[in-house]
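# A look at the structure
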Amino acid sequence: MTVLVERRRAPFGRPLLLRVLAGWLVVSALLLAVNWPGIAGERFVGPDDMLRMQQVRDLIGGQNWFDVTQHRLDAPHGGVPMHWSRLVDVPILLVILLMKPLVGMATAEVIAGVAVPLLTLLCLMVLVARVAWFLLGEEETSLAVLAIPLSTGLLFQFSPMRIDHHAWQVVFGLAAVNGLMSRSARTGGTVIGLSLAAGLAISMEELPIAAVFCGLLALRWLRDRKDRLWLVHAMQALALGSVVLFLATRGFGDGIQHCDAISPLHLLVFLWGALALTGLAARNPPSVLLLASAFAGIAAGAVGIVRVMAPSCVGDGFSQVDPLVQDVWFSQIREGMPVYLGAWHQQVTALLIPVLGLAAAALLMTRSVGWMRSWWFDYALLLLAAILVAVFVKRAGAMAGALAAIPFGWMLARMLARTRLVRNPLARAGALAALVLLLMPLTPRVIDSLLPTRAKGANSVSAATPLRDDSSIIALRPPDPCGIASAAPSLDALPPGETLALIDPSTPLVFYTHRAFVASSHHRGDRAMRFAIEAFSASPQVARRMLSERGVRYVSICSGSNEIEIYRKRNPKGFAVALDKGETLDWLEPVSIETAGTLRMWKVVAAGDHAALKSSATPLMQ
């Protein structure tokens, strides 16, 4: 069967938008219902979402637009300069500024936490539906929209109170896919380039997908010299768009060569690519070998620029992270781990829809003719690349799920069409049952998401030791076992001073209080993270010296925290373990705080104040 295409429809006609709106309302109602306890409790999904909201709070409070430093973390060294883009702050900021005069700041934050992810989901559904609308059909469009929530890793990023940047990366990736459909190389290439520029400005995690898009446009050029301007316009838009977005969000003062965010280094690489490809298009070598060699030379030039300006950025974008922090902390973050390291059901739920979508894209390619065959071939390559990235980085599965929704919607339409042709009622019921069974591997995760969290001994909200499984279709927000929210008034009433807290709860502590803390689980603060890891792993005597030299005034832990197990493995008689056991140290004075959880706090006593304490210190080994 040849796939017929009608491309003369309105870009965003009423029939298309009505189908999207119907699907969005159904999915949004589901997300609101199952996430309501977290919404009512004003609990954001994870530490990144909390710190994102705190970043917006600081902006509203007067912090400079170009200053994305969290000044209450590692304050003695000027704070932690976050690598996050202001682009993601804009919609959150607009909703809060709109609602604050009506409902107050606290409620406005919750409204933003709910509205922004759901509106981002609406953007994604429109972009997915538009591709299906033009290339497949009406029923396929509706089913493609409804296929989005079947991808567990995808919908998690769009759940209420999930305001981190990953959802916007997916949206801009699908915007680039829409650019691939254009009849005009100038228009399509520009849309692709600007979409990739926005995605990369938000996070360098978009780089593998951006490279694949450039590779697909290079493939178009190799297939037909008339298509050479696709890549040229895309690179020109990527370079120009990146420069504009960099100046708009970073200004002229950030000239540091970062590996984890767009920097002058990357701008120079993009400009090099745009200029080189523009010159190459003017000559347009007739030989495929010469053209391929020229592409290789341009890519080598880009790598050479990186090697000269920032050699450490040639490999991983997080290669600048302190080795100890990388080994002890970031290598253990589940959402950054390969999918194949998870349990089998996690692998199935993460990859089932993308793999089925890839199979459907391959079928669409074989059943198409002319330019459509080439288009679906390119799309299958893009989806395959997204799946491979997801295999090695779990959170990248969101992009694969979004890309898979379009061909998977077509597959569902074909299955439903076949069941309608079955005349025997029993046979038709059996066919529908088989279709339901196809989706059954997802059902346990949905059910699990609807049930209360039963994490054993979990007191942490960090991505390093999560209470939730990021492959879940619903964003589980566990209760606050530390009792940080309830302790906030007591903590804010204490005299000022930096607190050494466990890395896990430091972000919630920053979010709920006005105090300063040593380190949170954010990689640009790796110097302070190393200090925290070494202090909590050291003997109490060594930790005392370290805290005294830094000038830390308070120490805090959440008893029974999973993070303490990390330090227990490093040193069974270390500082964190001693505090967790309740051992008394003569240089720490307990601080009374009102909390509904396990949060405990001590004041570091100066040497001259020891006599005032009734000490019963337990001697510990060095």
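Residues numbered from 1 in each chain as written. Predicted model: local features only at pLDDT ≥ 70, side-chain atom pairs only at ≥ 80, totals over all residues. Heavy atoms only, no water.

### So, the overall build of the protein chain
Our working definition: Here a strand is any run of E in DSSP of at least two residues, a helix any run of H or I of at least four, and the numbering for each starts at the N terminus. Exposed residues in this analysis have more than 50% of their type's maximum accessible area, buried residues have under 20%, and partly exposed residues fall in between, with area computed by a 1.4 Å probe over protein chains only. Only heavy atoms matter for contacts: two residues are in contact if any of them lie within 4.5 Å across the pair. Surface accessibility follows the Shrake-Rupley procedure with a 1.4 Å probe radius. Residue values consider only the protein chains on display as shielding.
Looking only at helices and strands, the protein chain has 25 helices and six strands in total. Residues counted as buried form 55% of the 622 residues belonging to the protein chain. Pairs at least 24 residues apart make up 74% of the contacts formed inside the protein chain by residues separated by at least 6 positions. Accessible surface, the protein chain as shown: approximately 25700 Å² in total, 65% of it carbon and sulfur.

### Observations regarding the packing of aromatic side chains
Stated formally: Think of it this way: a Phe, Tyr or Trp ring, Trp meaning its six-membered ring, pairs with another when their centres are within 6.5 Å, and the plane angle makes it stacked under 30 degrees, edge-to-face over 60, tilted otherwise. Two conditions define a charge sitting above a ring: the NZ of Lys or the CZ of Arg must be within 6 Å of the ring centre, and it must be within 35 degrees of the ring normal.
Applying the stated criterion across every chain, the model contains 10 aromatic pairs. Plain terms: the ring middles of tryptophan 375 and tyrosine 379 are 5.3 Å apart, the flat faces sit at 15 degrees to each other, and that makes the pair stacked. Of the two residues, tryptophan 375 and tyrosine 379 are both situated in helix α16 (residues 371-392); the distance of four residues between them amounts to about one turn of the helix. Judged by its relative accessible area of 4%, tryptophan 375 falls in the buried class. Judged by its relative accessible area of 2%, tyrosine 379 is buried. Look at phenylalanine 511 and tyrosine 512: their rings are 5.0 Å apart centre to centre, the planes differ by 85 degrees, and that puts the pair in the edge-to-face class. According to the relative accessible area criterion, tyrosine 512 is partly exposed, its value standing at 24%. Three or more aromatic residues link up through ring pairs in this structure, and these residues are Phe536, Tyr567, Phe575 and Trp587. The positively charged end of arginine 220 is found above the aromatic ring belonging to tryptophan 230, 4.4 Å away from the centroid. The cationic tip of arginine 550 hangs over the ring face of phenylalanine 531; the distance from NZ or CZ to the ring centre is 5.0 Å.

### Comments concerning helix α9 (residues 185-202)
Stated precisely, the cut-off is as follows: Working rule for helices: expected span equals 1.5 Å times residues minus one. Two N or O atoms form a polar contact when they lie within 3.5 Å of each other; inside protein one atom must be a possible hydrogen donor and the other a possible acceptor, and for residues adjacent in sequence the pair counts only when both atoms belong to side chains.
For α9, built from 18 residues, the straight-helix expectation of 26 Å at 1.5 Å per residue is met to within 8% by its first-to-last C-alpha distance of 25 Å. For α9, the capping residue at the N-terminal end is serine 184, with a side-chain oxygen 3.3 Å from the backbone nitrogen of arginine 186.

### Considering a nonpolar patch on the surface
Convention followed: Each patch is built from residues that are more than 30% exposed by relative accessible area and take part in no salt bridge. Like charges join if they lie within 9 Å; nonpolar side chains (Val, Leu, Ile, Met, Phe, Trp, Tyr) join within 5 Å. Should a side-chain nitrogen of Lys or Arg be within 4 Å of a carboxyl oxygen of Asp or Glu, the pair is scored as a salt bridge.
Residues Phe377, Leu381, Leu384 and Leu388 make up a contiguous nonpolar surface patch of about 310 Å² in total accessible area. Note that leucine 384 resides in helix α16.

### Structural notes on the confidence of the model for the protein chain
Selection rule: Across the chain, each position has a pLDDT score giving the predictor's confidence in that residue, from 0 to 100.
Summing up the model confidence of the protein chain, the mean pLDDT is 86 and the portion of residues at 70 or higher is 86%. Here residues 441-477 is a poorly scored stretch, pLDDT under 50, and it has 98 contacts once near neighbours within four places are set aside; other chains count. Throughout residues 610-622 the model reports pLDDT below 50, and contacts reaching past four residues in sequence, or to other chains, amount to 25 contacts.

### Brief notes about the side chain of histidine 266
The residue histidine 266 is located in helix α12 (residues 264-283) in this model. Filtering out sequence-adjacent residues up to four positions away, histidine 266 remains in contact with Met204, His258, Cys259 and Ala261.

### A closer look at the state of the cysteines
Every disulfide links exactly two cysteines, by a covalent bond between their sulfur atoms. Spelled out, the test is: Two cysteine sulfur atoms form a disulfide, by the criterion used here, when they sit within 2.5 Å.
Counted according to the given criterion, the structure contains one disulfide. Sulfur-sulfur distance for the disulfide between cysteine 482 and cysteine 558 comes to 2.1 Å. In this structure the cystine formed by cysteine 482 and cysteine 558 twists about its S-S bond by roughly 130 degrees; its chirality is therefore right-handed. Pair noted here: cysteine 482 is in the loop between α19 (443-450) and α20 (484-492) and cysteine 558 is in strand β4 (residues 554-558), with a separation of 76 residues, a long-range link. The class for cysteine 482 is buried, based on a relative accessible area of 2%.

### Some remarks on the pattern of salt bridges
With the rule as written, the count across this model stands at 17 salt bridges. With a shortest N-O distance of 3.2 Å, arginine 19 and glutamate 138 are connected by a salt bridge. Within this pair, whereas arginine 19 is found in helix α1 (residues 14-34), its partner glutamate 138 is found in helix α6 (residues 138-147), the two being separated by 119 residues in sequence. The exposure class assigned to glutamate 138 is partly exposed, which follows from its relative accessible area of 39%. With a closest N to O distance of 3.3 Å, arginine 568 and glutamate 565 form a salt bridge. Here the residue arginine 568 and the residue glutamate 565 both occupy positions in helix α24 (residues 562-570), the gap between them amounting to three residues, near one helical turn. Exposure remark for arginine 568: the relative accessible area of 25% places this residue in the partly exposed category.

### Focus: the sheet that holds strand β5 (residues 588-591)
Stated formally: A pair of strands is treated as paired once DSSP finds two or more bridges between them. Note on definitions: angles span 0 to 180 degrees between N-to-C directions of axes, and those axes are lines fitted to C-alpha atoms, for helices only across the stretch in contact.
Strands sit in the order β3-β4-β6-β5 across an open sheet of four strands; the sheet is mixed. For this open sheet the edge positions go to β3 (499-501) and β5, each flanked by a neighbour on one side alone. On average, each strand axis in the sheet is tilted by 25 degrees relative to the strand beside it, whichever way the strands run. The pairing of β5 with strand β6 (residues 599-604) spans four bridges and is classified as antiparallel. Bridging from a neighbouring strand, valine 591 pairs with methionine 601 of β6.

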